[in-house]
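Listed below, chain by chain, are the residues.
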Amino acid sequence: MPKARKSQISLLDTPYYHCVSRCVRRAFLCGEENGRSFEHRRQWVEDRINVLSEVFAIDVCAYAVMSNHTHLVLHIAKEKADALSTEEVIRRWHRLYKGPLLSQHFISPNLRKDLHETQIKTVELTAEVWRKRLFDISWFMRELNEFIARAANKEDDCTGHFWEGRFKSQALLDESALAACMAYVDLNPVRAKMAETPETSNHTSIQYRINAARVGKTPKRVMPFADTPKQEMPQGLPFTLPDYLQLVDITSRYIHPNKRGKVEHSLPTILERLNIEHEQWLTLTTQFETCFKLAAGKVIHLEQYAHNQHQQRVQGRQSAMRLLG
């Protein structure tokens, strides 16, 4: 019996999670089938991710929009949600839903003065419910998948389920797991032979980051990299942008059949810092979902996660666990 989603998301263990949504009946989210092109739907997904990243207190670390599934690496920013004023919480939630009349009046200076004390208290209590939803991954994925499903079903002139019943989530317990999973997500089009290089992988976070870097801008739709990574996970991603780009580039050269063996056997700085072996890293970044189940990380972190989840152990390949430490 599958575990409840709320029991799989544990801020006590980590704020980072890998989420995967797959279409039912092998339906096509994007790509081409029977002479029809669905490629424009990739932009639907990217645009929706952009909107949700501005509404929710959840940072997007990486994403890839594939033909019949999507990958996202998300960071729960609970502190950001807690710091929002009641008015800001309401304004954010109203970007997704119209909201009741009371909350509409509350954010209007002219109408708020006419509200009674009990009405204001009701609005504040409702806003606290919305605040919790703003850092809830289940609500983030719901708002992404339902929006795309409705648009796709309308275009196909049909009804019914578009996505599998539940999205899959994996807890990323440390920097090693986070780096491996981000590279795994960013290189999905390369492994699927949809693109020859990371920079030509359309509708991925790596292409978005590269395009921004080329013009000297900081990407706004994804979580930034920390300028000076620390031992503990900082507010930004715990790597520098040059290190991560070098990591993805070198890894991609060994994954792509036409580029195998063309790169020197020198490792990028991030791999040396994480103490990851060359061959094992390539296995991990091409088979991340099969290496780990509910969570990914070093053995000591997996054991602590299992303890917190009241499990004897967390499933995963022993070789993958040893790889991450």
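Look up: the structure comes first, before these words.
Everything in this summary refers to the structure shown in the same document. (Residues numbered from 1 in each chain as written. Predicted model: local features only at pLDDT ≥ 70, side-chain atom pairs only at ≥ 80, totals over all residues. Heavy atoms only, no water.)

Comments concerning the overall build of the protein
And step 1. In terms of helices and strands, the protein carries 17 helices and 7 strands.
And step 2. In the protein, buried positions account for 50% of the 325 residues.
And step 3. Of the roughly 16,600 Å² of accessible surface on the protein, a fraction of 50% belongs to carbon and sulfur atoms. (Helix = DSSP H or I, 4+ residues; strand = E, 2+ residues; numbered from the N terminus. Buried < 20%, exposed > 50% of the residue type's maximum accessible area, 1.4 Å probe, protein only. Areas by Shrake-Rupley, 256 points an atom, 1.4 Å probe, with all protein chains shown as cover.)

Focus: the pairing of strand β1 (residues 16-22)
And step 1. Here β1 lies mainly inside the structure; 6 of its 7 residues are buried.
And step 2. The sheet contact formed by β1 and strand β5 (residues 69-76) spans 7 bridges and is antiparallel. Pairing of tyrosine 17 across the sheet is with leucine 74, part of β5.
And step 3. Pairing analysis gives 4 bridges linking β1 to strand β6 (residues 168-172), with the strands arranged antiparallel. Bridging across to β6, cysteine 19 finds its partner in serine 169. (Pairing = 2+ DSSP bridges.)

Comments concerning the packing of aromatic side chains
And step 1. Per the counting criterion, the structure on display carries 7 aromatic pairs.
And step 2. Consider the rings of phenylalanine 225 and phenylalanine 239, whose centres lie 6.4 Å apart with planes at 50 degrees: the pair is tilted. Taken together, the residues phenylalanine 225 in the loop between α11 (205-214) and α12 (241-255) and phenylalanine 239 in the loop between α11 and α12 connect sequence positions 14 residues apart. Each member of the pair, phenylalanine 225 as well as phenylalanine 239, is classed as buried.
And step 3. Here phenylalanine 239 and tyrosine 244 contribute two aromatic rings whose centre-to-centre distance is 6.3 Å and whose plane-to-plane angle is 15 degrees, an arrangement assigned as stacked. Tyrosine 244 matches phenylalanine 239 in its accessibility class, with the two residues each being buried. (Phe/Tyr/Trp six-rings, centres within 6.5 Å; stacked < 30°, edge-to-face > 60°.)

Describing the sheet that holds strand β4 (residues 58-65)
Strand pairing within a sheet occurs via backbone hydrogen bonds; the two strands may be parallel or antiparallel.
And step 1. The strand order β4-β5-β1-β6-β7 describes an open sheet built from 5 strands, whose pairing is mixed. What marks the edges here is a single partner per strand, and that holds for β4 and β7 (295-296).
And step 2. Lying on the sheet, helix α8 (residues 137-156) is in contact with β1, β4 and β5; it crosses β5 at an angle near 145 degrees.
And step 3. Along the sheet face, helix α9 (residues 175-186) touches β1, β4, β5, β6 and β7 and points at about 40 degrees away from the line of β4. (Contact = heavy atoms within 4.5 Å. Axes fitted to C-alpha atoms, helices over the stretch in contact; angles between N-to-C directions.)

Notes on the pattern of salt bridges
Opposite charge on two side chains permits pairing when their charged atoms draw close.
And step 1. Per the stated rule, a full pass over the model turns up 13 salt bridges.
And step 2. Glutamate 87 is the partner of arginine 91 in a salt bridge, and the nearest nitrogen-oxygen pair spans 2.9 Å. Taken together, the positions of arginine 91 and glutamate 87, both in helix α4 (residues 86-94) and 4 residues apart, correspond to about one turn of that helix.
And step 3. Looking at arginine 91, the relative accessible area reads 39%, which means it is partly exposed.
And step 4. Overlapping salt bridges, with partners in common, bring together Glu87, Arg91 and Arg112 in one network. (Salt bridge = Lys/Arg side-chain N within 4 Å of Asp/Glu carboxyl O.)

What about the side chain of threonine 204?
And step 1. Tracing the sequence through the fold places threonine 204 in the loop between α10 (188-191) and α11.
And step 2. Setting aside anything within four residues of it in sequence, one finds threonine 204 in contact with Glu46, Tyr63, Ala64, Asp186 and Pro189.

Some details on the packing of helix α2 (residues 40-55) against α8
And step 1. Where α2 meets α8, the closest approach of the two axes is 10 Å, and the angle between their N-to-C directions is 150 degrees. When the interaxial angle is binned, α2 and α8 end up roughly antiparallel. Two packed elements cross with a definite hand, and for α2 against α8 that hand is right-handed. On α8, the residues touching His40, Arg41, Trp44, Val45, Arg48, Ile49, Leu52 and Ser53 of α2 are Phe140, Glu143, Leu144, Phe147, Ile148, Ala151, Ala152, Glu155 and Asp156. (Parallel < 35°, antiparallel > 145°, perpendicular 65-115°, else oblique. Left-handed = near helix turned anticlockwise from the far one by under 90°.)

Concerning helix α16 (residues 299-308)
And step 1. Those residues of α16 that sit buried are Leu302, Tyr305 and Ala306. For α16, the arc enclosing every buried residue in end-on projection is 100 degrees, short of the 170-degree limit, so these residues lie on one face. Residues Ile300, Glu303 and His307 are exposed on α16 and point more than 90 degrees away from its buried face. (Arc of directions from axis to C-beta.)

As for the packing of α4 against helix α7 (residues 117-133)
And step 1. At their nearest, the axes of α4 and α7 sit 9 Å apart, and the two run at 65 degrees to each other. Crossing geometry of α4 relative to α7 is assigned as left-handed. Contacts from Thr86, Val89, Ile90, Trp93 and His94 in α4 reach Val123, Glu124, Ala127, Trp130, Arg131 and Arg133 in α7.
And step 2. A class-by-class count of the residues in the contact of α4 with α7 yields 6 nonpolar, 2 polar and 3 charged. (Nonpolar A, V, L, I, M, F, W, Y, C, P; charged D, E, K, R; others polar.)

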